[in-house]
Amino acid sequence: MNKEQVPFLLRDIGDKDAPALICFVTGGMSHNWALIDQDLAENGLRVITFSSRFTIGAPYETNWDGDHDAEYYFGEMAKAYDPSGPEYDAPYSFLDCVSDVTKVMDQLGLEKAAVLGFSTGGGMAQIAITHFPERIVCGVCCASCYDPNAVAENIDEVKDKIAKNMKRMANAPKPLEGDEASVISHRVAFMGALMDAEEPEMDDPRAPYLTERAKDDFAEGLVDYGGMGEPRSGLAWALWVKDGGLKVHHKKMKENKVPTLIVHGKLDPLVPFSQAAVLHEQFANSKLITHDYGHILGPAESQKKLSADIAAFVKEHFAS
């Protein structure tokens, strides 16, 4: 793989002269995690999202040396998490994935930018902040964790709740069927699950926008297994941790000088709220804001308020 010539599927909205915010899109491609890009652009930011290496169908997929199918990589991921420590095949490290943000910046002619990520993408934003501080004006980490082991333990504790949410998602008509109504119901069911809502609002005002974004992604052939559940993502993470990357990241976190905003929902069913406090405590130069919902920013009115808060944070540090 030629790392200097990496193709990206870019989405670039907002005023091109406004402060630039680059979003790490993982765990469901742009129509899931980039829910707030329009709100952020309306609040005076240039918002850029790009396809991660985890996204099946993205240009990166054709550039992997010795590429294999998903079944192969799921098998390798099982080896990676085996305590006996057998050898496994990881196509790249997690830090390689994070460093792609600097390639996007170079491609767009940006000397510096802000970064934002949700969940796995929030972890990637963390690493961008600690490893490329000379390129990062400020960072926003939403629904991300300090200790991945705590997330694994939490998932075991709330597995019944998550199973209920996932069952509701599974019963929604799949967007791949191509019917507009099925796309809307699946996307809104997804939002309901991650907001930890008992019942998703099927008339959510964001649904038409999500429908169009979903159609665009599927038309491009983009499919994402979902965050760390995508085997190459898990392997990349395992390789990075095995090589001491997490320890280095935690050390750099304590010395951080990049202004960092941590955003976390009190009802997050995946990353326990207690992780937000730990992350804030360990991450020097960080600020914590909370909301009363789950893994994403809640219903439309909550999303709009938090988007305004995020945009204000970014613009403040570009101004300084």
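If you're wondering where the values come from, they're calculated on a predicted model, not measured in any experiment. (Residues numbered from 1 in each chain as written. Predicted model: local features only at pLDDT ≥ 70, side-chain atom pairs only at ≥ 80, totals over all residues. Heavy atoms only, no water.)

Glancing now at the sheet that holds strand 7 (residues 286–291). One open sheet holds the seven strands; their spatial order is 1-3-2-4-5-6-7, and the pairing between them is mixed. Strands with a single pairing partner mark the edges of an open sheet, and in this sheet they are strand 1 (10–13) and strand 7. Neighbour-to-neighbour, the strand axes of this sheet turn through a mean angle of 20 degrees, independent of strand direction. Of the strand pairs in this sheet, strand 6 (residues 260–265) and strand 7 are connected by six bridges, and their pairing is parallel. Within strand 7, the position partnered with valine 263 by the bridge is isoleucine 289. Against the sheet, helix 13 (residues 300–319) makes contact with strand 2 (20–25), strand 4 (113–118), strand 5 (136–142), strand 6 and strand 7, and its axis sits at roughly 160 degrees relative to strand 5, the strand it touches most. (Pairing = 2+ DSSP bridges. Helix = DSSP H or I, 4+ residues; strand = E, 2+ residues; numbered from the N terminus. Axes fitted to C-alpha atoms, helices over the stretch in contact; angles between N-to-C directions. Contact = heavy atoms within 4.5 Å.)

Within strand 5, seven of the seven residues are buried, leaving the element largely enclosed by the surrounding structure. Summarising the sheet, strand 4 and strand 5 pair through five bridges and their orientation is parallel. Within strand 5, the position partnered with glycine 117 by the bridge is cysteine 141. Remark: the strand 4/helix 5 (residues 120–131)/strand 5 crossover connection has right-handed handedness. Judged from the four bridges that link them, strand 5 and strand 6 form a sheet pairing that is parallel. Each residue of the ladder has a partner; that of glycine 139, found in strand 6, is threonine 260. (Buried < 20%, exposed > 50% of the residue type's maximum accessible area, 1.4 Å probe, protein only. Right-handed = clockwise from strand over helix to strand, strands pointing away.)

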